[in-house]
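# A structural walkthrough
So you can see what is in the structure, the chains are spelled out below.
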Amino acid sequence: MNNAWYLFSASTIAWIIIFLYSYGISKKQKSLENQMAEMKEALRKCHISGSSCIRVIWQKKQ
Amino acid sequence: MNFLNKVRTIVWKDFTHELRSREMLISMCVFSFLVIIIFNFAFPPGVEDVDWIIPGILWVAFIFSGLLGIGRSFGVEKDKGSLQGLLLCPVERGTIYVGKMVGNFIFMSMMEAFTLVIFTILFNVNLFPILIPLVLIIVLGTVGFTVVGTIFSAISANTRARDVMLSMLVFPIAVPLIIASIKATGKILDGKSLSEIYSWLKILVAFDVTFLLVSYLTFHFVVEE
Amino acid sequence: MRRWVRIVFEVTTLTTMVGALYAIFLYAPIEKTMGIIQKIFYFHVSSAFLSFVAFFIVFVASILFLYRRDRKWDILAQSSAEIGVIFCTLVLITGPIWAKPIWNVWWTWDPRLTTTLILWFIYVSYLMLRKMAGEGQRATFTAVFGIIGFINVPITFFAIRIWRTIHPIVIRSSGINITSPMLNTLIITLVAFTLLFFHLLMARMRLERIREGYEEMKALLEEQENR
């Protein structure tokens, strides 16, 4: 039944690769969406108090 | 000016430029010489299977050295900014491609001729009886190699890691070319007649024609800004 | 795409995949000569098929991009190339794992394996070209390479085939060489993998669009800053 080990490792590797890729995509997506939300916040705050504050808020985030 | 004249002008430009410095041609020849020598250490002449290995060594020398020269063809243009000048001329982009390709072909052929001479001497093969079929195969192979090499040189000249990128683009595409050329050369060196390498020749011709067409059509996308 | 359509699609993908796994491990019979390891076949063939589909999509999208210059074709080409490389990698991994116990070697230079390896290299080079090229040119360059690369595949295959011949010929012109429940399992797996492919493709394209939005926003913000 050694052959079963080969089958097991092949399917495990296959699924790991697929999941890693899928996971990588959603993680990247989340991070971009978060950054965009932050930028929107910064823009909103400065719209209220005047445009020169953007520099301060955005650079603090960087 | 008709098509042939334009091509001839572009080829002439590259040829005279090279004639003055000769640096690219000399590096190509030295490099292919070195490759052959190194392979000689890898497979010393006493080895039994040397007949099988010889065509491979020859083509490896051609290809690695050819890549060197082809990489220069657009590399130099990009560095000196002369590509802009060329593009300003009222010449169709496809014509520029053909001109460059023919230039590369000529230089690569010169290197190959030199390499064949070295090869004859170092490996003690008599190429005279089989010269015509051998030249046919080499010409077909070189045409194919310069066809894809030229357009990829135009692409990779605009990237970082220029030479590495060129190799990565050319080698996977050139695989059928390399296989066909090496196998056909091997058969010819074995003394077989042209009819026996018919299928390899078919592949070479198919490769050359197909990619010449595709490159000619897509070249203008590559050079327009 | 509307939210509910997407949800239905993803649920379908998931259930089909679960169904396929059930079919592979519990429904399909164990092959006589090879034993249980033959079941890799279902993953292996499906991945190979899908990677080919992916690269064909790259080919078509590249042509459309050069013609229409619409960024969406470039996004499609890039995403499809990435996923194609993933599936091709799976083929190259599951293949040797299957081969070792059966043929007692990890690798042979037979036509199909070699062509697959070259195919893998072509699209890895495609992805490298994307990384190495500058912003404005990368779409055009990779489109040209995508076209040349795909056209190269049949030529490479024939060249290698004239050069060599071991791979079990499952699909001959006269018919299929496997039993009926295995065929059903294969079909289910193919469908499941196809759905998976499109799921990954859409996710990847969505990511690219979001990234574009992000870059735009960033540029806008920097512009505001510099006033």
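For clarity, every value in this text was computed on a predicted model and none was experimentally measured.

## Some remarks on the overall build of chain B
Looking only at helices and strands, one finds 8 helices and 0 strands in chain B. When the helices and strands of chain B are placed in sequence order, the string is α-α-α-α-α-α-α-α. Along the three orthogonal principal directions, the C-alpha set of chain B runs to about 55 × 35 × 30 Å. Out of the 225 residues belonging to chain B, those deemed buried represent 43%.

## Some thoughts on the overall build of chain C
Counting its secondary structure elements, chain C contains 6 helices and 0 strands. In chain C, the succession of helices and strands from N to C terminus is α-α-α-α-α-α. Dimensions of chain C, computed from the C-alpha atoms along their principal axes, are close to 75 × 45 × 30 Å. The 227 residues of chain C split such that 40% are buried.

## Quick notes on the interface of chain B and chain C
Tallying the contact residues gives 25 residues for chain B and 27 residues for chain C. Secondary-structure elements contributing two or more residues to the side of chain B that touches chain C are α7 (162–189) and α8 (198–223) of chain B. In terms of residue class, the side of chain B that touches chain C is made up of 18 nonpolar, 5 polar and 2 charged.

## Description of helix α3 (residues 71–103) of chain C
With 33 residues, α3(C) should cover 48 Å at 1.5 Å per step; its first-to-last C-alpha distance of 46 Å lies within 8% of that length. The positive-phi residue at the C-terminal boundary of α3(C) is C:Asn104, with phi of around 70°.

## So, α8(B)
With 26 residues, α8(B) should reach 38 Å at 1.5 Å per residue; the first-to-last C-alpha distance of 37 Å fits that figure. The axis of α8(B) is deflected most strongly, by about 35°, at B:Leu217. Among all positions of α8(B), only B:Trp200, B:Ile203, B:Leu204, B:Phe207, B:Asp208, B:Phe211, B:Ser215, B:Thr218, B:Phe219, B:Val222 and B:Val223 are buried. Of the surrounding elements, those touching the buried residues of α8(B) are α4 (82–88), α5 (93–123), α6 (131–156) and α7 of chain B together with α2 (40–68) and α5 (135–163) of chain C.

## Overview of the interface of chain C and chain A
The interface is formed by 28 residues belonging to chain C together with 26 residues belonging to chain A. Breaking the side of chain C that touches chain A down by element, the ones donating at least two residues are α2, α3 and α6 (180–225) of chain C. Here the side of chain C that touches chain A gets 12 residues from one element, more than from any other, and that element is α6(C). Looking at the side of chain C that touches chain A, its residues break down into 17 nonpolar, 5 polar and 6 charged.

## Topic: the nonpolar core
Within the largest apolar cluster, 124 residues are counted, with the highest numbers of intra-cluster contacts made by B:Val148, B:Leu169 and C:Val58. Tallying contributions element by element places α3(C) first for this core, with 15 residues. Not counting chain neighbours up to four residues away, the residues in contact with B:Leu169 comprise B:Phe152, B:Ile155, B:Ser156, C:Ser125, C:Leu129 and C:Phe145.

## A few points about the confidence of the model for chain B
Confidence in the prediction of chain B, expressed as mean pLDDT, is 86, and 96% of residues score 70 or more. By mean pLDDT, α4(B) is the weakest element of chain B at 77, and α6(B) is the strongest at 93.

## Considerations on the confidence of the model for chain C
Residues and elements named next belong to chain C. When pLDDT is averaged along chain C, the result is 85; 92% of the residues meet or exceed 70. Looking across chain C, the model is least confident in helix α1 (residues 3–27), with a mean pLDDT of 86, and most confident in α2, with 92. Counted against residues more than four places away or in other chains, residues 169–176, with its pLDDT under 50, gives 6 contacts. Across the interfaces of the predicted complex, the ipTM metric reaches 0.88, alongside a pTM of 0.88.

## Here we look at the environment of C:Ala139
Residue and element names in this part refer to chain C. On the secondary structure map, Ala139 appears in helix α5. Considered as a pair, Ala139 and Leu117 are 22 residues apart in the sequence and their alpha carbons are 24 Å apart. Residue contacts for Ala139: discarding those within four places in its chain leaves Phe65 and Asp74.

## Things to note about the packing of helix α2 (residues 23–42) of chain B against α5(B)
Two measures define how a pair of helices packs: the angle their axes make with one another and the distance between the axes. Residues and elements named next belong to chain B. In contact at an axis separation of 9 Å, α2 and α5 are set at 35° when each is read in the N-to-C sense. For the pair α2 and α5, the sense of crossing is right-handed. Residues Met24, Leu25, Met28, Cys29, Ser32, Phe33, Ile36 and Asn40 of α2 form the contact with α5, whose own contacting residues are Phe107, Met110, Met111, Phe114, Thr115, Ile118, Phe119 and Leu122. Counted by class, the contact of α2 with α5 contains 13 nonpolar, 3 polar and no charged residues.

## Here's the deal with unusual backbone geometry
A positive phi angle, near 50°, is found at B:Ala161, a position not held by glycine. Counting through the fold element by element, B:Ala161 comes out in the loop between α6 and α7. Overall, B:Ala161 belongs to the partly exposed group, with 13 C-beta atoms counted inside 10 Å. Unlike most non-glycine residues, C:Arg69 shows phi in positive territory, near 60°. Here C:Arg69 is to be found in the loop between α2 and α3. Owing to 13 C-beta atoms within 10 Å, C:Arg69 belongs among the partly exposed residues under this scheme.

## Section: the packing of α7(B) against helix α4 (residues 111–132) of chain C
As a packed pair, α7(B) and α4(C) sit with axes 9 Å apart at the nearest point and diverge in direction by 155°. The orientation of α7(B) relative to α4(C) falls into the category roughly antiparallel. Remark: the crossing between α7(B) and α4(C) carries left-handed chirality. Residue-level inspection shows B:Met165, B:Met168, B:Leu169, B:Pro172, B:Ile173 and B:Val175 of α7(B) in contact with α4(C), the latter providing C:Ile118, C:Phe121, C:Ile122, C:Ser125, C:Met128, C:Leu129 and C:Met132. Its residues placed into classes, the contact of α7(B) with α4(C) shows 12 nonpolar, 1 polar and no charged.

## So, the environment of C:Ser47
Residue and element names in this part refer to chain C. Within the secondary structure, Ser47 sits in helix α2. Sequence separation between Ser47 and Val91 is 44 residues, and the spatial gap between their C-alpha atoms is 5.9 Å. In this structure, Ser47 is in contact with Phe87, Leu90, Val91, Thr94 and Phe193, ignoring residues within four places of it in sequence.

Reading guide: rules and limits
- Residues numbered from 1 in each chain as written.
- Chains lettered and ligands numbered in written order.
- Predicted model: local features only at pLDDT ≥ 70, side-chain atom pairs only at ≥ 80, totals over all residues.
- Helix = DSSP H or I, 4+ residues; strand = E, 2+ residues; numbered from the N terminus.
- Buried ≥ 20, exposed ≤ 12 C-beta atoms within 10 Å, placed from the backbone.
- Contact = placed C-beta atoms within 7 Å.
- Nonpolar A, V, L, I, M, F, W, Y, C, P; charged D, E, K, R; others polar.
- Expected span 1.5 Å × (residues − 1).
- Bend = angle between axes of the 7 residues up to and from the residue.
- Core = buried A, V, L, I, M, F, W, Y, C linked by C-beta atoms within 7 Å.
- pLDDT = per-residue confidence, 0-100.
- Axes fitted to C-alpha atoms, helices over the stretch in contact; angles between N-to-C directions.
- Left-handed = near helix turned anticlockwise from the far one by under 90°.
- Parallel < 35°, antiparallel > 145°, perpendicular 65-115°, else oblique.

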